[in-house]
Amino acid sequence: MRINEIFYSLQGEGFHAGTPAVFIRFSGCNLKCSFCDTSHEEFTDMCEEDIMRKVAEYPAAHVVITGGEPTLQLTRRLVDMLHAAGKYVQIETNGTCPLPDGCRIDWVTCSPKNRQVRLGHIDELKVVFESAGQDMSQYDRYAATVYSLQPCDVGDASANARILHDCVAYCLAHPKWRLSLQTHKMINVR
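Residues numbered from 1 in each chain as written. Predicted model: local features only at pLDDT ≥ 70, side-chain atom pairs only at ≥ 80, totals over all residues. Heavy atoms only, no water.

Draft legend 1. Seen up close, the overall build of the protein. The helix and strand tally for the protein stands at 4 helices and 9 strands. For the protein, the α and β elements follow one another from N to C terminus as β-β-β-α-β-α-β-β-β-β-α-β-α. Taking 2.2 N^0.38 as the reference for a compact globule, 190 residues should give roughly 16 Å; the C-alpha atoms of the protein span a radius of gyration of 16 Å, in line with that estimate. When the backbone C-alpha atoms are referred to their principal axes, the protein occupies close to 45 × 35 × 30 Å. The buried share among the 190 residues of the protein stands at 51%. A separation of at least 24 residues holds for 57% of the contacts in the protein among residues at least 6 apart in sequence. One way to put it: in the protein the 19 positive side-chain charges average out to a point 2 Å from where the 23 negative ones average out. (Helix = DSSP H or I, 4+ residues; strand = E, 2+ residues; numbered from the N terminus. Rg over C-alpha atoms; globule rule 2.2 N^0.38 Å. Buried < 20%, exposed > 50% of the residue type's maximum accessible area, 1.4 Å probe, protein only. Contact = heavy atoms within 4.5 Å. Lys, Arg positive; Asp, Glu negative; His and termini not counted. Charge placed at Lys NZ, Arg CZ, Asp CG, Glu CD.)

Draft legend 2. Summary view of the pattern of salt bridges. For the coordinates displayed, the defined rule picks out 8 salt bridges. Glu49 is paired through a salt bridge with Arg77; the nearest N and O atoms lie 2.4 Å apart. Separated by 28 residues along the polypeptide, Glu49 in helix α1 (residues 48-55) and Arg77 in helix α2 (residues 76-84) bring together distant segments of the chain. Under the relative-accessibility criterion, Glu49 is labelled partly exposed at 28%. (Salt bridge = Lys/Arg side-chain N within 4 Å of Asp/Glu carboxyl O.)

Draft legend 3. Looking closely at the sheet that holds strand β6 (residues 107-110). Ordered by their spatial adjacency, 9 strands build an open sheet running β3-β1-β2-β4-β5-β6-β7-β8-β9, and the pairing between neighbours is mixed. Either end of the sheet is taken by a strand with one partner, and the two such strands are β3 (44-45) and β9 (177-179). Note: strand β7 (residues 124-129) against strand β8 (residues 146-151), 6 bridges, orientation parallel. Residue Leu125 lies in a different strand from β8, and its bridge partner there is Tyr147. α1 rests against β1 (2-10), β2 (20-26) and β4 (62-66) of the sheet, and its axis sits at about 20° to β1. The strands touched by α2 are β2, β4 and β5 (88-93); relative to β4, the strand with the most contacts, the crossing angle is about 165°. (Pairing = 2+ DSSP bridges. Axes fitted to C-alpha atoms, helices over the stretch in contact; angles between N-to-C directions.)

Draft legend 4. Fine view of the side chain of Asp123. For Asp123, the location among the structural elements is in the loop between β6 and β7. Arg104 provides the closest opposite charge to the buried, salt-bridge-free Asp123, at an N-O distance of 10 Å. Among the polar contacts made by the side chain of Asp123, one reaches the main-chain amide nitrogen of Val108 at a distance of 2.8 Å. Of the polar contacts made by the side chain of Asp123, one reaches the side chain of His121; its length is 2.8 Å. (Polar contact = N/O pair within 3.5 Å; in protein donor to acceptor, adjacent residues only side chain to side chain.)

Draft legend 5. Region of interest: unusual backbone geometry. The omega torsion across Gly67 and Gly68 is 20°, close enough to zero to call that bond cis. Tracing the chain through its elements places Gly68 in the loop between β4 and α2.

Draft legend 6. Fine view of the environment of Thr183. Within the secondary structure, Thr183 is located in helix α4 (residues 183-186). Overall, Thr183 belongs to the partly exposed group, its relative accessible area being 27%. Leave out the neighbours within four places in its chain, and Thr183 touches Gln11 and Gly12.

Draft legend 7. Region of interest: the packing of α1 against α2. Following both chains from N to C, one finds α1 and α2 inclined at 30°, their axes separated by 10 Å at the closest point. Considering their axes alone, α1 and α2 lie roughly parallel with respect to each other. For the pair α1 and α2, the crossing hand works out as right-handed. Here α1 contributes Glu48, Glu49, Ile51, Met52 and Val55 to the contact with α2, which in turn contributes Arg77, Leu78, Met81 and Leu82. A breakdown of the residues in the contact of α1 with α2 according to their chemical character gives 6 nonpolar, no polar and 3 charged. (Parallel < 35°, antiparallel > 145°, perpendicular 65-115°, else oblique. Left-handed = near helix turned anticlockwise from the far one by under 90°. Nonpolar A, V, L, I, M, F, W, Y, C, P; charged D, E, K, R; others polar.)

Draft legend 8. Representation of α1 in the model. Along α1, the residues classified as buried are Glu48, Ile51, Met52 and Val55. Each buried residue of α1 lies within a common arc of 100° when the element is viewed along its axis, so the set occupies one face. Summarising the contacts, the buried residues of α1 are in contact with β1, β2, β4 and α2. (Arc of directions from axis to C-beta.)

Such coordinate-based values are descriptive only and should not be taken to indicate function.
Now the structure itself:
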């Protein structure tokens, strides 16, 4: 598997924000989103055993499988090995690829990007909020336990403040949505 990096930090966004977690970042993605803030092109080839050895270096029980788009390479065997090691497994995916057959993920965070979602179950629907004029009705078709709205970081303080303001206003007007901030950026951790 092509692994961009494995590191230990706090989950910075979404429902599990603030939770210590081991992040397994897969390299590569099937989409090219203009607002993507993750560099995931470089990689090291690793087998499941290599990944497990690296994960075992950290004390957290929470593991976040992310990318890029992790479902392009994720194996059921890796997830089974993580569970056998007592890990709680979360995935962050754009949802365009199904999970491997028989793969049991504890928490599925799906951030759809105007593409068909091919997941049977979503725990958290996380939408990147770009502007007050954004068509949010397209997300009404998704059933999830938690609906998170995350202001897009465009790299400009003034524009970010406007997006955040509009995002808060949207959450207040549509209370099924909860605000998801990228706290890892705020506290300057990875």
